[in-house]
Amino acid sequence: MCIVADMSSGHVLLGILAAGPAHGYDLKREHDARLPGAKPLAYGQVYATLARLQRDGLVEVATTENDGGPERTVYDISPAGEESLLEWLATPEPPGPYAAEELVRKTVTALRLHRDARPFLGAQRALHLDRMRGLVAEQRAAVDVDARIALDHTIFHLDADLRWLEAAAARVNEEGTLLR
Amino acid sequence: MMEPLLRAHALHLAFGRTEALRGASAEVAPGEVLALTGPSGSGKSTLLLCMAGVLRPQAGSVTYEGRRLDDLSEDDRTRLRRREFGLVLQFGQLVPELSAVQNVMVPLLLERHDRQAARTSALGWLDRLGAADVADAQPGEMSGGEAQRVAMARALVTGPGLVFADEPTGALDTVSGEQVMEVLLSTVRETGASVVLVTHDNRVAAYADREVVLRDGVAEGRPAVLP
């Protein structure tokens, strides 16, 4: 497995550590709780990120705990880490390029083969809407505003896919049957 | 198989040469929230109005609790609609000259309820829907979200078994729309009413238990009838 410790998860971890020292397991749990609907952080990724943050002087080892079990390292944010965190929080992000997703690949390939893509588009809509139903239910149950906001982001992206699915079906419909 | 509360079967309806419905079917179960979705002009609002007994299909049948709506006289249909159905439209459609509480009282007064009892009941519903603050305001003085809550109070005041909502959040921003849906759903979950809603908003469709997609006047893809 390729573990790419991207810097934004690093900054989310710094943000968690800014509230108080924590070990890897707590960091993973808090990261996933703060960003519901996003891909959970793998343990390997947490430790790879922490190693990199430590190498760059952004986190320090606060202490090592040993409650009879395996030794656990507790990390803390360093002054340089705090500075990096504040800078990250204040810097706007360039809009990212969107990769052609599997949905688009399948639809385009089907149409190039003169196959009707609408059954696929309809089935995909049902699946996307099921996922959205789950997220909306999760959002209705969420108490904290940050959880609701994080879920909004996932829901709106899903909504963008849903609107694309509708537009694609409408265009295929309008075209008569299939792309030539 | 679950027995539907309302069943619309193979409805046809043309306006002049435009065929709005071409054999559309849909069913809603007791306590279910059903979303009718589809592109503009797909017939979803027409289907909703036929299900609500507002429009009469030229062919096909609408059955509510075993009674065929098209067999009823105009008067009986109106009476059934008033007593059993609640209707919410996109812009609330409140009477502009009346205050919120007076608007909510209208369906009860049409049913010849006592004026004071109607007022008490209307105020109770406004309170339940979080619109007590605007009870004495006229529609022109309310925000879109407030007006929609009042419209929902008016739709729910008679204790309907089925609420029809056509784009209930269409004129609202995301958060106001979410609040209106939240209030509608928590209320019907308590009263046990079913909801049929037309929407082009996927978020709103995701509040529903089930979706029927319309295209060109027919329900497409997944089964429009109950499993």
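Residues numbered from 1 in each chain as written. Chains lettered and ligands numbered in written order. Predicted model: local features only at pLDDT ≥ 70, side-chain atom pairs only at ≥ 80, totals over all residues. Heavy atoms only, no water.

A. Broad picture of the sheet that holds strand 2 (residues 18-28) of chain B. All names here are of chain B. Spatial ordering of the open sheet is given by 2-1-4-5, a layout of four strands whose pairing is antiparallel. At either margin of the open sheet sits one strand with a lone partner, and together these are strand 2 and strand 5 (67-68). The pairing of strand 4 (residues 59-64) with strand 5 spans two bridges and is classified as antiparallel. Across the sheet, Y64 pairs through a bridge with R67, a residue of strand 5. Helix 1 (residues 44-51) rests against strand 1 (6-15), strand 2 and strand 4 of the sheet, and its axis sits at about 120 degrees to strand 1. (Pairing = 2+ DSSP bridges. Helix = DSSP H or I, 4+ residues; strand = E, 2+ residues; numbered from the N terminus. Contact = heavy atoms within 4.5 Å. Axes fitted to C-alpha atoms, helices over the stretch in contact; angles between N-to-C directions.)

B. Representation of the domain arrangement of chain A in the model. All names here are of chain A. According to the domain assignment, chain A contains domain 1 (7-90) and domain 2 (102-174). On a C-alpha basis, the centroid separation for the pair domain 1 and domain 2 is 33 Å. Taken together, the contacts link four residues of domain 1 with seven residues of domain 2. Buried surface at the junction of domain 1 and domain 2, both sides included, amounts to about 350 Å², of which 57% is carbon and sulfur. Broken down residue by residue, the surface that domain 1 buries against domain 2 is led by R34, P36 and G37, which jointly contribute 92%. Counting across the interface, domain 1 meets domain 2 through zero salt bridges. (Domains from an automatic or database assignment. Buried area = accessible area lost by both parts, 1.4 Å probe. Salt bridge = Lys/Arg side-chain N within 4 Å of Asp/Glu carboxyl O.)

C. Looking closely at the environment of S84 of chain A. All names here are of chain A. Its place among the elements puts S84 in helix 4 (residues 79-90). A residue is classified by how much of its surface remains accessible, and S84, at 18% relative accessible area, is buried. Through-space distance from the C-alpha of S84 to that of R115 is 52 Å; in sequence the pair is 31 residues apart. In this structure S84 touches H11, L14 and L58, once residues within four positions along its chain are discounted. (Buried < 20%, exposed > 50% of the residue type's maximum accessible area, 1.4 Å probe, protein only.)

D. Here's a closer look at the interface of chain B and chain A. Facing 19 residues of chain B, the contacting portion of chain A comprises 20 residues. Buried surface at the junction of chain B and chain A, summed over both partners, amounts to about 1500 Å²; 44% is from carbon and sulfur atoms. Along the contact surface separating chain B from chain A lie four salt bridges. Linking R148 of chain A and E178 of chain B is a salt bridge whose minimum nitrogen-to-oxygen distance equals 2.7 Å. For the pair chain B and chain A, the interface holds eight residue pairs in polar contact (both at pLDDT 80 or more). Of all the secondary-structure elements, those providing two or more residues to the side of chain B that touches chain A are helix 6 (174-191), helix 7 (202-205) and strand 9 (210-215) of chain B. Of the residues belonging to the side of chain B that touches chain A, the class tally is six nonpolar, four polar and nine charged. (Polar contact = N/O pair within 3.5 Å; in protein donor to acceptor, adjacent residues only side chain to side chain. Nonpolar A, V, L, I, M, F, W, Y, C, P; charged D, E, K, R; others polar.)

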